[in-house]
Amino acid sequence: GIQVEQSPPDLILQEGANSTLRCNFSDSVNNLQWFHQNPWGQLINLFYIPSGTKQNGRLSATTVATERYSLLYISSSQTTDSGVYFCAVYGGATNKLIFGTGTLLAVQP
Amino acid sequence: EPEVTQTPSHQVTQMGQEVILRCVPISNHLYFYWYRQILGQKVEFLVSFYNNEISEKSEIFDDQFSVERPDGSNFTLKIRSTKLEDSAMYFCATSLGSACFGPGTRLTVT
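Predicted model, so just to flag it, every value in this text is computed and none were measured. (Residues numbered from 1 in each chain as written. Chains lettered and ligands numbered in written order. Predicted model: local features only at pLDDT ≥ 70, side-chain atom pairs only at ≥ 80, totals over all residues. Heavy atoms only, no water.)

Give a detailed account of the sheet that holds strand S1 (residues 5-7) of chain B, specifying residues and quantitative values.
Residue and element names in this part refer to chain B. In space, the four strands of this open sheet follow the order S1-S3-S8-S7, with antiparallel pairing throughout. The sheet is open, and its two borders are formed by S1 and strand S7 (65-68), each paired with just one other strand. The mean inter-strand angle of the sheet, taken between neighbouring strand axes irrespective of direction, is 20 degrees. Pairing analysis gives four bridges linking S7 to strand S8 (residues 75-79), with the strands arranged antiparallel. Looking at S8, one finds that Val-67 is bridged to Leu-77. (Pairing = 2+ DSSP bridges. Helix = DSSP H or I, 4+ residues; strand = E, 2+ residues; numbered from the N terminus. Axes fitted to C-alpha atoms, helices over the stretch in contact; angles between N-to-C directions.)

Rendered as structure tokens:
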């Protein structure tokens, strides 16, 4: 099956800093989503992005499907950005989401 | 904005007991899913459900698990005889394109 790897596994930032999170996948995918898991465990849908670039406030995402990666950019980070960021892909003939390993982000005041 | 809801938010049960986790999907969504996340680990697929039947299931989804839509709207996950290793957060998700996740049910098996 498709393997989804994320980097870095952990990241500590000072408030106001920018960061880039990466998601690599091992095969062609039909679609890709980015999620933020907040400290209460909820999975918040950030982007549904099979290709191209999307922006939502301080967050933006780019997926280059032909090169099998996606990037999530966080600018001017805030403490509320802390949590785990997951990318997840739909691949092949399946309609299920396959989750990556996650990036644990801690934003310090 | 429509959202997926789940009940209960937290369930504590004794090993060997049956539990039923409930989900109310977004009404016009066609695909329904259950995922689980053991504490500190990644989110794992359990089962997908489309057109009132299971379309795909993982190796985790063995004979002690079952899913159904008892009344055409709710979507349930039943664990027949819980084990300690079933302790996890269980997420329901529904999809019409992008997947929307419910807030989860934290299951603790003692």
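Which residues make up the interface of chain B and chain A, and what are the values?
Across the boundary between the two partners, chain B contributes 17 residues, which contact 18 residues of chain A. At the junction of chain B and chain A, the tally comes to one salt bridge. Measuring nitrogen to oxygen at the nearest pair gives 3.1 Å for the salt bridge that ties Glu-56 of chain B to Lys-96 of chain A. The interface formed by chain B and chain A contains six residue pairs in polar contact (both at pLDDT 80 or more). Elements with a minimum of two residues in the side of chain B that touches chain A: strand S4 (31-37), strand S9 (88-96) and strand S10 (98-101) of chain B. With four residues, S4 of chain B is the single largest residue contributor to the side of chain B that touches chain A. Classifying every residue of the side of chain B that touches chain A gives 10 nonpolar, five polar and two charged. (Contact = heavy atoms within 4.5 Å. Salt bridge = Lys/Arg side-chain N within 4 Å of Asp/Glu carboxyl O. Polar contact = N/O pair within 3.5 Å; in protein donor to acceptor, adjacent residues only side chain to side chain. Nonpolar A, V, L, I, M, F, W, Y, C, P; charged D, E, K, R; others polar.)

Break down a nonpolar patch on the surface for me, citing the residues and quoting the values.
The grouping of Leu-30, Tyr-50 and Leu-96 of chain B at the surface amounts to a nonpolar patch, some 270 Å² of accessible area in total. With respect to the secondary-structure elements, Tyr-50 of chain B resides in strand S5 (residues 44-50). (Patch = residues over 30% accessible without salt bridge, like charges linked within 9 Å, V, L, I, M, F, W, Y side chains within 5 Å. Areas by Shrake-Rupley, 256 points an atom, 1.4 Å probe, with all protein chains shown as cover.)

Account for the pattern of salt bridges, with residues named and values stated.
All names here are of chain A. Inspection of the entire model under this criterion finds four salt bridges over all chains. Where Arg-68 meets Asp-27, a salt bridge forms, and the shortest distance between an N and an O atom there is 4.0 Å. Of the two residues, Arg-68 is situated in the loop between strand S7 (59-64) and strand S8 (69-74) and Asp-27 in the loop between strand S3 (19-25) and strand S4 (29-37); the sequence distance between them amounts to 41 residues. For Asp-27, a relative accessible area of 39% translates into the label partly exposed. (Buried < 20%, exposed > 50% of the residue type's maximum accessible area, 1.4 Å probe, protein only.)

Describe in detail the nonpolar core, supporting the description with residues and values.
Residues and elements named next belong to chain A. Within the largest apolar cluster, 22 residues are counted, with the highest numbers of intra-cluster contacts made by Val-4, Phe-25, Trp-34 and Val-89. Taken together, the elements giving at least two residues each to this core come down to strand S2 (10-14), S3, S4, S7, S8, strand S9 (83-91) and strand S11 (103-108). Every residue in contact with Phe-25, bar those within four places of it in the chain, is listed here: Ile-2, Gln-3, Val-4, Leu-32, Ala-65, Arg-68, Tyr-69, Ser-70 and Val-89. (Core = buried A, V, L, I, M, F, W, Y, C linked by side-chain atoms within 4.5 Å.)

Give me the packing of aromatic side chains: which residues, what numbers.
Pairs of aromatic rings are described using the distance from one ring centre to the other and the angle between the two planes. For the structure shown, the criterion picks out 14 aromatic pairs over all chains. Both rings, one in Phe-86 of chain A and one in Phe-99 of chain A, keep their centres 5.9 Å apart while their planes meet at 80 degrees; by these two values the pair is edge-to-face. Of the two residues, Phe-86 of chain A is situated in strand S9 and Phe-99 of chain A in strand S10 (residues 97-99); the sequence distance between them amounts to 13 residues. There is no split in this pair, since Phe-86 of chain A and Phe-99 of chain A are both buried. Cluster of aromatic residues (ring-pair linked, three or more members): Phe-35, Phe-86 and Phe-99 of chain A together with Tyr-33, Tyr-35, Phe-45, Phe-91 and Phe-101 of chain B. The side chain of Arg-22 of chain A reaches across the aromatic face of Tyr-69 of chain A, ending 4.2 Å from its centre. (Phe/Tyr/Trp six-rings, centres within 6.5 Å; stacked < 30°, edge-to-face > 60°. Lys NZ or Arg CZ within 6 Å of the ring centre and 35° of its normal.)

Describe in detail unusual backbone geometry, supporting the description with residues and values.
Note that the residue after Ser-7 of chain A, namely Pro-8 of chain A, is joined by a cis bond; omega there is -10 degrees. The topology assignment puts Pro-8 of chain A in the loop between strand S1 (4-7) and S2. Here Thr-7 of chain B and Pro-8 of chain B are connected by a cis peptide whose omega angle stands at -10 degrees. Mapped onto the elements, Pro-8 of chain B comes out in the loop between S1 and strand S2 (10-13). Its identity is not glycine, yet Ser-76 of chain A carries a phi of approximately 45 degrees, on the positive side. By the secondary structure assignment, Ser-76 of chain A is in the loop between S8 and S9. You will see that Asn-51 of chain B, though not glycine, has its phi angle at about 55 degrees, which is positive. Mapping Asn-51 of chain B onto the fold places it in the loop between S5 and strand S6 (53-57).

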